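For reference, the chains in residue letters:
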Amino acid sequence: MAVNIKNERVEKLLDEVAAMTGETRTEAVRRALEERRDRLARSATELNPVDRLRRVLEHEIWPSIPASVRGTRLTKAEERRILGYGPDGARFSTVRRWWPSCYRSQTQNDCWNA
């Protein structure tokens, strides 16, 4: 079945693509349609972001965690260490960001020791 293109812009695009690729006009149309069909088919089967994240977690992240650790909670001490808390509270570098008075202070001791 023949296709008759009656749109000047489409004709111009077709000629440009055919010239850039060295393909015939028919080949340029066929490849463009195949590529678009493939993109549409992929997008119809792609997972939403939440499902993609779950798949990455299930297949890449969680298997790398030792079985003896999976399902266990961090202790309070581990949480505090990860968050940067020491025996005297937060480290100075953390506090300085949040309390503007530390910027105006003459010494770090006015806030907390580093």
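Attention in this report is confined to the structure presented alongside it. All values derive from a computational prediction rather than experimental measurement.

### Some words on the overall build of the protein
Line of reasoning, step 1. From N to C terminus, the protein includes six helices and two strands.
Line of reasoning, step 2. Each helix (α) and strand (β) of the protein, taken in turn from the N terminus, gives the series α-α-α-α-β-β-α-α.
Line of reasoning, step 3. Out of the 114 residues in the protein, the part that is buried amounts to 11%.
Line of reasoning, step 4. Put simply, 3% of the contacts in the protein that link residues at least 6 apart link residues at least 24 apart.
Line of reasoning, step 5. Total accessible area on the protein stands at roughly 10,500 Å², and carbon and sulfur atoms take up 55% of it.

### Regarding the pattern of salt bridges
Between side chains of opposite charge, a pair can form as their charged atoms come close.
Line of reasoning, step 1. Applying the stated criterion across every chain, the model contains seven salt bridges.
Line of reasoning, step 2. In this structure, Glu23 engages Arg31 in a salt bridge whose closest nitrogen and oxygen atoms are separated by 3.0 Å.
Line of reasoning, step 3. On the basis of relative accessible area, Glu23 is assigned to the buried category, the value being 17%.
Line of reasoning, step 4. A salt bridge links Glu58 to Arg54; the shortest N-O distance between them is 3.9 Å. Of this pair, Glu58 and Arg54 are both found in helix H3 (residues 49-61), four residues apart, which corresponds to roughly one turn of the helix.
Line of reasoning, step 5. Residue Arg54 is classed as partly exposed on the basis of its relative accessible area, which comes to 47%.

### Details of a nonpolar patch on the surface
Line of reasoning, step 1. A contiguous nonpolar surface patch, about 240 Å² in accessible area, is contributed by Val56, Ile61 and Trp62.
Line of reasoning, step 2. Positionally, Trp62 belongs in the loop between H3 and helix H4 (76-83).

Criteria and thresholds
Residues numbered from 1 in each chain as written. Predicted model: local features only at pLDDT ≥ 70, side-chain atom pairs only at ≥ 80, totals over all residues. Heavy atoms only, no water. Helix = DSSP H or I, 4+ residues; strand = E, 2+ residues; numbered from the N terminus. Buried < 20%, exposed > 50% of the residue type's maximum accessible area, 1.4 Å probe, protein only. Contact = heavy atoms within 4.5 Å. Areas by Shrake-Rupley, 256 points an atom, 1.4 Å probe, with all protein chains shown as cover. Salt bridge = Lys/Arg side-chain N within 4 Å of Asp/Glu carboxyl O. Patch = residues over 30% accessible without salt bridge, like charges linked within 9 Å, V, L, I, M, F, W, Y side chains within 5 Å.

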